[in-house]
Amino acid sequence: MAAVVFSNVRKEFGSFTAVHGLDLSIAEGEFVSLLGPSGCGKTTTLRMLAGLEFPTSGEIEIGNRVVNDVAPGKRDIAMVFQSYALYPHMSVAQNIAYPLRKRGTPLAERQKSVAATAELLQLTELLNRKPRQLSGGQQQRVALGRALVRDPKVFLLDEPLSNLDAKLRGYMRVELVELHRRLGRTMVYVTHDQLEAMTMSDRIAVMEGGELQQFAPPTEVYEEPANRFVASFIGTPGMTLIDGDLSRDGDHWLFQADGISMAVATLKDNASPGPACLGVRPEHVLIGEGPVNGVIQVVEKTGHENIVVLELSSGQRLTGRVPAPQSWRPGETVQLSFDADHTHVFGPGPRGIRLNRDGVSAGKASAPPLDIANANTPTPRKAQS
Amino acid sequence: MPTIRKIALNVFAWTIVLAVAFPLFWMLVTSVKPSFELFRRPPTMLPETWTFEHYWHLIERTNFLTYFRNSVILSTATTLVVVAIATLGAYSLVRFKYNGRESLAFLVLFTYLLPSVVLIIPLYLLLVNLGLANTIFSLVIAYTTFALPYALWLLRSFMAGIPEDLESAALVDGASRLGAFWDVILPQLLPGIISTALFTFILSWNEYLYALVLVNSDSARPLTTGVMNMLVSAFNIEWSLLMAASVMMSVPLIIVFAFLQSYLTRGFGAGGVKG
């Protein structure tokens, strides 16, 4: 049974279309993130689910009930806002009690629920304070408490962690996941932070330009991005994307770009020769040996690993990720290759679809997995490693 | 030199304070001097004989209290009407999206830009035709026409400063739109409402021109025209009575100001800070 279903939902603001025919089916009890850059339609989608915006066309269902014409307060949802939206003139206790008060819950019961919620979120000491007397983290917990107090069917969270500092954010991520596990309620979480989406979600809905790009579990989104946009959006540092051409010789596919030539295989049936794009994640750039020369531009040390930015002779930039104890310096020339089992091929255009067969990366079944020739690079200097 | 600068600044500030305060002081002093002392040369700074006879005269032997009551009713009614309409209007202008919203807001202000002399004759004819001439109510309508635009813009900037998320949160929490307005918007808007109310009240309290044209029966006259009519004639000005009346007219405003002054300054800053 699906708890939340969007069927061909479209939202226009005047001549601007914020959401184009969205189809999304969220299972009951699932934690789903709507992930995308700002202006991708994720917040509009959430606000339509909350009833704060009305879809131009299409249907939204919550628990098998079409809610298009149902007022926000009657949808049995709770929402946590990015700004927390705590009522400034009410105390913490009054803030948490407000949803119950609006539903006519008797006073005694209200007090009991508020006390229990405050206990759960360690707010008991703060119940008489006003929101402005609280720290950001405490305000966040009050906002969460106001959502939790009446046990709704669906929780909507609109970038709830984005105003917290990094450490607290990490802590709250864990808290939220734990809370979700304990309550077992459907949660829809809007974020532009892929780390939050990756670590917390059962499934991620990646959105861009008002369209759903991919809806899959985090590992699948990472390992088999549906198209070039998802590939470039997910992952820090981002996937290196190299524009080139795909050609076909019988069953063999060949990807060629300036200075790179690589045999790829196991593409989908609808793949056709022509412009294409090769995608390589930083951890699949193998630095040290290989047929390609690159000059190290920047080495970023994060402690447990180094992020290395390289430039090929063609001017193409690559990002690699290597374990920490390395002594490469900017300006050095190194040899490199790609982990052929984990490269991706995308069709042309900013949203070119992934051409690899599902569950398979390019080059996996290819006999000579990697054949990179650098035709016009200068004689390689020996890399010092 | 910092000390010289400091002294210069102080002198400057006190000069301004004196320039503003002296007329008030003189009004107060004149009102408690006996009439024969008024025109003495050189003038006496403080009265040689203190007297409250002018106040008693006004209260017991003139229509002063009627005028005072009229002014209170008039200003209070205007304030209530203006604040009620402006609050709802500002809510509409900020929260609802409809065609011509911006033009509407601008048009409202446009009426404020016209000199009142231009509007007064049409307004007079309109009120006469409505059968409202010579009533306090006609003045309430007239004052509303020029207080409302400014009040609307003032409240609009206050309203725009209230995060929309607050209202959305209230809606999701189960409130109706009106409920959210009552529970969440109004408490947040209170400083704005207070400064708008003060502004409207003062404007109505001090207004002269409309009152002069629209009302000419003693039972409906407010203080401004009433006092003028009573004490200032072509041949004579009753200075002592006039000053006593002025003091009594100023007292309500001074009291209100003293209590709500911080809200008022906040209101005037709202457009710049929150807009």
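Residues numbered from 1 in each chain as written. Chains lettered and ligands numbered in written order. Predicted model: local features only at pLDDT ≥ 70, side-chain atom pairs only at ≥ 80, totals over all residues.

Trainee: Tell me what's going on with the overall build of chain B, and back it up with residues and numbers.
Mentor: Helix and strand counts for chain B come out as eleven helices and zero strands. Taken from N to C terminus, the helices and strands of chain B fall in the order α-α-α-α-α-α-α-α-α-α-α. With respect to the three principal axes, the spread of C-alpha positions in chain B is 75 × 65 × 35 Å. Scored against the burial criterion, the 275 residues of chain B give a buried share of 33%. (Helix = DSSP H or I, 4+ residues; strand = E, 2+ residues; numbered from the N terminus. Buried ≥ 20, exposed ≤ 12 C-beta atoms within 10 Å, placed from the backbone.)

Trainee: Explain the nonpolar core to me, using residue names and the numbers behind them.
Mentor: Counting 143 residues, the largest nonpolar core has Met79, Leu156 and Val188 of chain A together with Leu139 and Ala151 of chain B as its most contacted members. When residues of this core are assigned to their parent elements, the largest contribution, 15 residues, is made by helix α6 (residues 136–160) of chain B. In this view, Ala151 of chain B contacts Val82, Val83, Ala86, Thr196, Phe199 and Thr200 of chain B; residues no more than four positions away in its chain are not counted. Within the second largest apolar cluster, twelve residues are counted, among which are Phe64, Val227, Ala244 and Ala245 of chain B. (Core = buried A, V, L, I, M, F, W, Y, C linked by C-beta atoms within 7 Å. Contact = placed C-beta atoms within 7 Å.)

Trainee: An account of the packing of helix α4 (residues 101–113) of chain B against α6 of chain B is requested, with residue identities and associated values reported.
Mentor: Residue and element names in this part refer to chain B. Viewed as axis vectors pointing N to C, α4 and α6 meet at an angle of 135°, and their least axial separation amounts to 8 Å. When the axes of α4 and α6 are compared, the pair comes out oblique. Here α4 runs over α6; the crossing is left-handed. Across from Ala105, Val108, Leu109, Thr111 and Tyr112 in α4, the residues of α6 making contact are Phe146, Pro149, Tyr150, Leu152, Trp153 and Arg156. In terms of residue class, the contact of α4 with α6 is made up of nine nonpolar, one polar and one charged. (Axes fitted to C-alpha atoms, helices over the stretch in contact; angles between N-to-C directions. Parallel < 35°, antiparallel > 145°, perpendicular 65-115°, else oblique. Left-handed = near helix turned anticlockwise from the far one by under 90°. Nonpolar A, V, L, I, M, F, W, Y, C, P; charged D, E, K, R; others polar.)

Trainee: Describe the environment of Gln138 of chain A, naming the residues involved and giving the relevant values.
Mentor: Here Gln138 of chain A is to be found in helix α4 (residues 136–148). With 85 residues separating them along the chain, Gln138 of chain A and Glu53 of chain A place their C-alpha atoms 29 Å apart.

Trainee: I'd like a description of the domain arrangement of chain A, backed by residues and values.
Mentor: In terms of domain boundaries, chain A breaks down into domain 1 (2–228) and domain 2 (238–346). Placing a centre on the C-alpha atoms of domain 1 of chain A and another on those of domain 2 of chain A gives a separation of 38 Å. (Domains from an automatic or database assignment.)

Trainee: Quick one: what's the story with helix α5 (residues 116–129) of chain B, residue by residue and with numbers?
Mentor: Here α5 of chain B contains 14 residues, and its C-alpha end-to-end distance of 20 Å stays within 8% of the 20 Å for a straight helix at 1.5 Å per residue. At the exit of α5 of chain B stands Gly131 of chain B, carrying a positive phi of roughly 75°. (Expected span 1.5 Å × (residues − 1).)

Trainee: For the packing of α6 of chain B against helix α8 (residues 177–206) of chain B, give the residues involved together with the corresponding values.
Mentor: Residue and element names in this part refer to chain B. Put simply, α6 and α8 touch, their axes get as near as 10 Å, and they point 160° apart. Taken together, the axes of α6 and α8 are roughly antiparallel relative to one another. Handedness of the crossing formed by α6 with α8: right-handed. Contacts from Tyr143, Ala147, Ala151, Leu154, Leu155, Phe158 and Met159 of α6 reach α8 at Leu189, Gly192, Ser195, Thr196, Phe199, Thr200, Leu203 and Ser204. By residue class, the composition of the contact of α6 with α8 is ten nonpolar, five polar and no charged.

Trainee: Please provide a residue-by-residue account of the sheet that holds strand β11 (residues 240–249) of chain A, values included.
Mentor: Residue and element names in this part refer to chain A. Spatially, the five strands line up as an open sheet ordered β13-β12-β11-β14-β19, and their pairing is antiparallel. Lying at the two open borders of the sheet, with one neighbouring strand each, are β13 (260–264) and β19 (343–346). Pairwise comparison of adjacent strand axes, ignoring direction, gives a mean angle of 35° for this sheet. In the sheet, strand β12 (residues 252–257) pairs with β13 via five bridges, with the strands oriented antiparallel. Note that in β13 the partner of Trp253 across the bridge is Val264. (Pairing = 2+ DSSP bridges.)

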